[in-house]
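Here is how the chains run, residue by residue.
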Amino acid sequence: MEDEQDSVEIENPTKSATILCVQYLISQHMQFKNVIKKDDLTKTVFKGLNIGKNYERIMEDVENTLKNTFGFSISYIKSDRKQFIIVNNIDDIDVLEFNSSEESKYRILLKPIIGALVMLRTPISEGQMWNILEKFALKLNLEMDYIKQIVKGDFVRDQYLQFKITDDTTIMLDPEKTSYWFTLGPRALEECDQMAVLNRVGELYNKPAKSFKRVYAALIK
């Protein structure tokens, strides 16, 4: 099996199995933080789909995406790999390039937010975003309420992010239209070198950019 972060498409032209699993697992971790069973995935994400031997390949891709994009890892409870939990594994953050002003301590969060959106290549729900940033809040001793104010206020107003209720692009992820979603804003799309972000992630995990095949293919179109 190749050691590549490559999504496996299954009967869904717009969402890969990897993304569907990641969305589900982050949601479960955010809401319950309890044990997740293989059967849970079979009955929800893969309901009605015959994935067969692709399950192990899909889960390998899911593990890579959780680790490389969100700093999470999967910890299996037994050797049969039928039950697991999601664990926060935040990497060290280099904050030396930022000054010590109060605002700059929070604006550092723009980098991992843009990085997550570039690497995942799908909208991130409001709840999932706070779950991701909670790790940084703990690491950097930041206030979550002020983080939410900065992200939904300054970052959106400065057009680095867009923040919208469920629409045609996210209806598959939220059929009941109860969530708001973050996507890259026009300023981020204009100013951010997404290939540089991918290369940076590759450096962090000692992998060439091309090994993240889904992201790389999208960026070279």
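Basis of the calculations
- Residues numbered from 1 in each chain as written.
- Predicted model: local features only at pLDDT ≥ 70, side-chain atom pairs only at ≥ 80, totals over all residues.
- Heavy atoms only, no water.
- Helix = DSSP H or I, 4+ residues; strand = E, 2+ residues; numbered from the N terminus.
- Axes fitted to C-alpha atoms, helices over the stretch in contact; angles between N-to-C directions.
- Parallel < 35°, antiparallel > 145°, perpendicular 65-115°, else oblique.
- Contact = heavy atoms within 4.5 Å.
- Nonpolar A, V, L, I, M, F, W, Y, C, P; charged D, E, K, R; others polar.
- Salt bridge = Lys/Arg side-chain N within 4 Å of Asp/Glu carboxyl O.
- Buried < 20%, exposed > 50% of the residue type's maximum accessible area, 1.4 Å probe, protein only.

Caption draft 1: Up close: unusual backbone geometry. Despite not being glycine, asparagine 141 shows a phi value in the positive range, around 60°. As for its placement among the helices and strands, asparagine 141 is situated in the loop between α6 (126-140) and α7 (144-157).

Caption draft 2: Structural view of the packing of helix α5 (residues 110-120) against helix α9 (residues 194-204). Axis separation between α5 and α9 bottoms out at 10 Å; the angle between their running directions is 95°. When the axes of α5 and α9 are compared, the pair comes out roughly perpendicular. Residues Gly115, Val118 and Met119 of α5 pack against Gln194, Val197, Leu198 and Val201 of α9. Tallied by class, the residues present in the contact of α5 with α9 amount to 5 nonpolar, 2 polar and no charged.

Caption draft 3: Representation of the environment of alanine 137. Here alanine 137 is to be found in helix α6. When the C-alpha atoms of alanine 137 and isoleucine 147 are compared, they prove to be 8.0 Å apart, with 10 residues separating the residues in sequence. Once you skip the residues sitting within four places of it in the chain, alanine 137 turns out to touch Leu142, Met144 and Ile147.

Caption draft 4: Fine view of the pattern of salt bridges. Tallying each qualifying case throughout the model produces 5 salt bridges. One salt bridge in this structure joins arginine 81 and glutamate 63, with 3.5 Å as the shortest N-O distance. Separated by 18 residues along the polypeptide, arginine 81 in the loop between β2 (72-76) and β3 (83-88) and glutamate 63 in helix α3 (residues 54-70) bring together distant segments of the chain. Owing to a relative accessible area of 24%, glutamate 63 belongs among the partly exposed residues under this scheme. The partner of arginine 157 in a salt bridge is aspartate 154, with the nearest N and O atoms 2.6 Å apart. With arginine 157 and aspartate 154 both in helix α7, this residue pair falls 3 residues apart, about one helical turn.

By themselves these figures say nothing about function.
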